[in-house]
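# Descriptive structure summary
One-letter residues, chain by chain:
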Amino acid sequence: MSARDEILRRVDRVMPARPAAEVAAAYDRIDRRYLRRHHDTGVLDLFAERVADYRATVLRVPESGVPGTVAERLAALPGSYGVPGDLPPEWLAASDAAFVRDPSTGALDGLAGAVTGCAAAIAETGTIVLDHGTGQGRRALSLVPDFLLIVVRAAQVAADVPEALERLDPHRPLTFVSGPSATSDIELSRVEGVHGPRTLEVLLAE
């Protein structure tokens, strides 16, 4: 018996598995009469404010202004950029940057950054959610490069967490992005870029 199996055997002995029907019934009894939406107006303003609180750059542009803004932001950091193979081509049409579509794992470290879309965003928490579906690429694309530019459409911004979760498929690999990667684990000194991009820029297309 492996060490893992032994540990699980001991856990099962102390906390035997409950029948699935019993677990489902207990789940159905949870009281969900909580406030589901804290904001009815100013949702986009709140989202931009909360994202900026995390030291991310927020740029609010009309939908038609996305290509030009993407080109402007990428011109400031020369190099190749990883993008999902199904990213809307019009977002990149105005840029002279070199793009690598669906880059391999080995190529990620050599990229100047990445450009992706998202699945949803949460105004209350300033969080962007990727489910790595259309226009988002695989998870490594949003975690390995040091610079990440995410395009968020206004219609994707939910007021609060419950509303956002209702739009997401819990069976998909969800990545929640709240600002650039940062940790203060060592002597409470903030260090950025340890677990993901050091720099996060968000284009909010309204």
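Structure: above.
The structure reproduced in this document is the subject of the present report. As the structure is a prediction and not an experimental result, all values here were calculated from the model.

Two pairing modes exist for strands in a sheet, parallel and antiparallel, and in both the strands are linked by backbone hydrogen bonds. Strand order in the open sheet formed by four strands is β8-β5-β6-β9, with mixed pairing between adjacent strands. This sheet does not close on itself; its edge strands, each paired only once, are β8 (157-158) and β9 (175-177).

Position of Ser181 relative to the elements: it lies in the loop between β9 and β10 (182-183). For Ser181, a relative accessible area of 10% translates into the label buried. Among the polar contacts made by the side chain of Ser181, one reaches the main-chain amide nitrogen of Gly196 at a distance of 3.1 Å. Excluding anything up to four places from it in sequence, Ser181 contacts Val191, Glu192, Gly193, Val194, His195, Gly196 and Pro197.

This paragraph deals with the sheet that holds strand β1 (residues 57-61). Here we have six strands laid out as an open sheet, ordered β1-β12-β7-β4-β2-β3, and parallel in their pairing. Single-partner strands in this sheet number two, and they are β1 and β3 (98-101). Each neighbouring strand pair of the sheet contributes to a mean axis angle of 25°, computed without reference to strand direction. Where strand β4 (residues 113-116) meets strand β7 (residues 147-153), three bridges bridge the pair, whose relative direction is parallel.

Our focus in this paragraph is unusual backbone geometry. In most cases, non-glycine residues show a negative phi, while peptide bonds are predominantly trans. Within the chain, Arg55 stands out as a residue other than glycine whose phi angle is a positive 70°. Its place among the elements puts Arg55 in the loop between α3 (43-53) and β1. For Arg55, a relative accessible area of 57% gives the class exposed. Positive phi outside glycine occurs at Asp102, with the angle close to 45°. With respect to the helices, strands and loops of the structure, Asp102 is situated in the loop between β3 and β4.

What follows is about the packing of aromatic side chains. Enumeration according to the criterion identifies one aromatic pair in this entry. Ring plane angle 75° and centroid distance 6.2 Å describe the contact between Tyr81 and Phe147, whose orientation is recorded as edge-to-face. A residue pair is termed long-range when its members are at least 10 positions apart, and Tyr81 in strand β2 (residues 80-83) and Phe147 in strand β7 qualify at 66 residues. In this structure, Arg32 is placed above the aromatic ring of Tyr27, and the distance from its NZ or CZ to the ring centre is 4.5 Å.

Rules behind the numbers
- Residues numbered from 1 in each chain as written.
- Predicted model: local features only at pLDDT ≥ 70, side-chain atom pairs only at ≥ 80, totals over all residues.
- Heavy atoms only, no water.
- Pairing = 2+ DSSP bridges.
- Helix = DSSP H or I, 4+ residues; strand = E, 2+ residues; numbered from the N terminus.
- Buried < 20%, exposed > 50% of the residue type's maximum accessible area, 1.4 Å probe, protein only.
- Polar contact = N/O pair within 3.5 Å; in protein donor to acceptor, adjacent residues only side chain to side chain.
- Contact = heavy atoms within 4.5 Å.
- Axes fitted to C-alpha atoms, helices over the stretch in contact; angles between N-to-C directions.
- Phe/Tyr/Trp six-rings, centres within 6.5 Å; stacked < 30°, edge-to-face > 60°.
- Lys NZ or Arg CZ within 6 Å of the ring centre and 35° of its normal.

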